[in-house]
Amino acid sequence: MEKVTVTALQKMKAEKKKITMLTSYDYPGTRILDEAGVDVLLVGDSAGNVFSGYANTLPVTMEEMLYHTRAVARGAKRALVVGDMPFMSYQVGLEEARRNAGRFLKEGGAEAVKLEGGVNMEAVIRAIVDIDIPVMAHIGLTPQSVHRMGGFKVQGKDDRQRKQLLEDARAVERGGAFSVVMECVPEGLAREITEALSIPTIGIGAGPHCDGQVLVIHDVLGLLEGFRPKFVKPYVNLRETIGLAVKAYCKEVEEGLFPGREHVFK
Ligand code: KIV
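My aim in this report is to walk through the structure given alongside it, one point at a time. (Residues numbered from 1 in each chain as written. Predicted model: local features only at pLDDT ≥ 70, side-chain atom pairs only at ≥ 80, totals over all residues. Heavy atoms only, no water.)

Here we come to the site of the ligand. As a matter of local geometry, the ligand sits amid Thr 23, Leu 42, Gly 44, Asp 45, Ser 46, Asp 84, Lys 114, His 138, Val 181, Ile 204 and Val 216. Contacts to the ligand include Asp 84, whose side-chain N or O atom sits 3.1 Å from an oxygen atom. The separation between an oxygen atom of the ligand and a polar side-chain atom of Lys 114 is 3.0 Å. In the complex, the protein chains occlude 95% of the 260 Å² of accessible area that the ligand would expose alone. Its residues placed into classes, the shell around the ligand shows four nonpolar, four polar and three charged. (Near = heavy atom within 4 Å. Polar contact = N/O pair within 3.5 Å; in protein donor to acceptor, adjacent residues only side chain to side chain. Areas by Shrake-Rupley, 256 points an atom, 1.4 Å probe, with all protein chains shown as cover. Nonpolar A, V, L, I, M, F, W, Y, C, P; charged D, E, K, R; others polar.)

Structure follows, in structure tokens:
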């Protein structure tokens, strides 16, 4: 079993091998995903939504992210572990951005960090890469900019946005990012960017032409209630399966069927 590295991902792009990436937030989940062979585990700040129940990712703190990252790093034997830098941990100044990125590697056990932004983050990416911390960029729909964008909307639809996204993609590559996530981008534009860049693109709601794909694990497992974005494909309905298991447990306890003789100490 060979450990996945940032250079291995770049080789995968060159060899046209698709990169698989999923989010992960805890130890037992990470063990399953790692054994199943996913290449990259992103400790996403989506933990704010799917783990903590916040309305968006803005309240997530460094301490929360480091807690999740430590759990994932302990469980990942093969996959590359990427820690997602939370809102206000890299926007204020280069020194703070470097210090917080360093905390993901030193205290969290991550092997790379991810941050949101394009042209506006080129200098931040460069500052972090300069101290040998690999950076994955994230352009298109950037959830930490939800208020500026006026909601969670597909990006790059008109000419102005298209031009901006192309500039963002070139800027993060120039800054030294080893890879870039593109979220909610029309497939034609995602293809153009993928062909223009030498670093791998990882799509989420960006069509099939990216070098890899990422989804939030709770979406893949069908754990969430309510609205489901168009780009999500649930591969199983664990919400229903877990609900049935818990109902069966409650029923057996109420009827005196659990614990059975085999669960009792003598
Ligand atoms: O936080 C996250 O889970 C992400 C992915 C959706 C790319 O940024």
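On the secondary structure map, Ala 169 appears in helix 8 (residues 159-175). For Ala 169, a relative accessible area of 1% puts it in the buried group. Sequence-wise, Ala 169 and Asp 130 are 39 residues apart; in three dimensions their C-alpha atoms are separated by 19 Å. Other than its neighbours up to four places away in sequence, Ala 169 contacts Ile 139, Ile 193 and Leu 197. (Helix = DSSP H or I, 4+ residues; strand = E, 2+ residues; numbered from the N terminus. Buried < 20%, exposed > 50% of the residue type's maximum accessible area, 1.4 Å probe, protein only. Contact = heavy atoms within 4.5 Å.)

To continue, consider helix 2 (residues 27-36). Along helix 2, the residues that are buried comprise Thr 30, Arg 31, Leu 33 and Asp 34. Looking at the buried side of helix 2, the elements it contacts are strand 1 (19-23), strand 2 (40-43), helix 4 (62-75) and helix 10 (217-220). If you check the start of helix 2, you find a side-chain oxygen 2.8 Å away from the backbone N of Gly 29, and it comes from Asp 26. Gly 37 occupies a position one or two residues after helix 2 and carries a positive phi of about 100°.

Looking now at helix 11 (residues 238-254). Look at helix 11: 24 Å from first C-alpha to last across 17 residues, which is about the 24 Å you get at 1.5 Å a residue. Positive backbone phi, at 75°, marks Gly 256, one or two positions downstream of helix 11. (Expected span 1.5 Å × (residues − 1).)

A few words on the pattern of salt bridges. Enumeration according to the criterion identifies 18 salt bridges in this entry. Among the ionic pairs, Glu 107 bridges to Arg 103, the shortest N-O distance being 2.7 Å. Measuring nitrogen to oxygen at the nearest pair gives 3.5 Å for the salt bridge that ties Arg 239 to Glu 225. A residue pair is termed long-range when its members are at least 10 positions apart, and Arg 239 in helix 11 and Glu 225 in the loop between helix 10 and helix 11 qualify at 14 residues. A residue is classified by how much of its surface remains accessible, and Arg 239, at 42% relative accessible area, is partly exposed. By relative accessible area, which is 62% here, Glu 225 ends up exposed. (Salt bridge = Lys/Arg side-chain N within 4 Å of Asp/Glu carboxyl O.)

As a further point, take unusual backbone geometry. The residue after Phe 258, namely Pro 259, is reached through a cis peptide bond having omega 0°. One can find Pro 259 in the segment after helix 11. For Lys 16, which is not glycine, the phi torsion reads 60° and is therefore positive. With respect to the element layout, Lys 16 can be found in the loop between helix 1 (6-14) and strand 1.

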